[in-house]
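Residue-level structure breakdown
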Amino acid sequence: MKSGIRHKAKPQEGFEDQYRSCLQEYAASRGEPALGRAYELGRRALTEQKSLVEMASLHHQAVLAMVGDVNDEKQREELVRASGEFLAECLSPYEMAHRGFQDAVKALRQLNETLEEEIKRIAYAVHDEAGQLLVAVHLALAELALELPESQQTHVTRIKELLNQVEKHLRRYSHESGQRLG
């Protein structure tokens, strides 16, 4: 395409054809408008879920076709340099998406660490408070057992066994929570 002519995609023009056309335009005229179209192509490629490998392959084939038509070594070098600039601009949306993804992963990791610490704190608090309540219940049962006739003390013994099981499960849960999160 000639310099100064703005490239407009035809509705039936496919992505690959538009890419080649815009690359040729940039190689011929350079300039910010052509780089802007490269950036927009990159955004479109992301939207259409084109992989970086697909983009590299498309770029490689387009450059090979363009370089094959040039006999002058200096022109070839300039064409390759221009195509590199075009590709870099076209891939910049991928770079921004990648960085955004990395930032999101980092934020999620920090949130996860915060939640794990909070879960650990709550597990220890529950363990401590429940432990104190269980001690109080054991003491109250011991007092009660002293006042009960021997025939009813078996019921207190059964209640103590159940409390001991509760304590055991509570310790295990607290220990497991601490190990999982620590």
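You'll find the structure just up there.
Residues numbered from 1 in each chain as written. Predicted model: local features only at pLDDT ≥ 70, side-chain atom pairs only at ≥ 80, totals over all residues. Heavy atoms only, no water.

1. Focus: the environment of Thr154
Note the threshold: Helix and strand labels come from DSSP, where a helix needs a run of H or I of at least four residues and a strand needs a run of E of at least two; each type is numbered from the N terminus.
Of note, Thr154 is situated in helix α5 (residues 153-181). A sequence separation of 108 residues divides Thr154 from Leu46, and the C-alpha atoms of the two residues are 73 Å apart.

2. As for the pattern of salt bridges
Inclusion rule: We count a salt bridge whenever a side-chain nitrogen from Lys or Arg sits within 4 Å of a carboxyl oxygen from Asp or Glu. Burial here depends on accessible area, computed with a 1.4 Å probe over protein chains only, as a share of the maximum for the residue type. Under 20% is buried, over 50% is exposed, and the range in between is partly exposed.
According to the stated counting rule, one finds 14 salt bridges in the structure shown. Linking Asp17 and Arg20 is a salt bridge whose minimum nitrogen-to-oxygen distance equals 3.3 Å. Taken together, the positions of Asp17 and Arg20, both in helix α1 (residues 15-29) and three residues apart, correspond to about one turn of that helix. Exposure remark for Asp17: the relative accessible area of 44% places this residue in the partly exposed category. We classify Arg20 as partly exposed; its relative accessible area is 30%.

3. As for the side chain of Glu167
To keep it simple, the criterion reads: We define a polar contact as two N or O atoms separated by no more than 3.5 Å, with the added condition that, inside protein, one atom must be a possible hydrogen donor and the other a possible acceptor, whereas residues neighbouring each other in sequence contribute only through side-chain atom pairs. Should any heavy atoms of two residues lie within 4.5 Å, those residues are counted as being in contact.
One can find Glu167 in helix α5. Taking the relative accessible area as the measure of exposure, Glu167 reaches 17% and is therefore buried. A polar contact of 2.9 Å, which involves the side chain of Glu167, links it to the side chain of His138. Contacts of Glu167, omitting those with residues within four sequence positions, involve Leu134 and His138.

4. Examining the nonpolar core
The cut-off we apply is this: We call a set of buried Ala, Val, Leu, Ile, Met, Phe, Trp, Tyr and Cys residues a nonpolar core when their side-chain atoms join them within 4.5 Å.
The biggest cluster of nonpolar side chains holds 23 residues, and the ones touching the most others in it are Phe15, Tyr19, Leu23, Leu41, Met55 and Phe86. Leu134, Leu141, Ala145 and Leu163 belong to the second-largest nonpolar core, a separate cluster that totals six residues.

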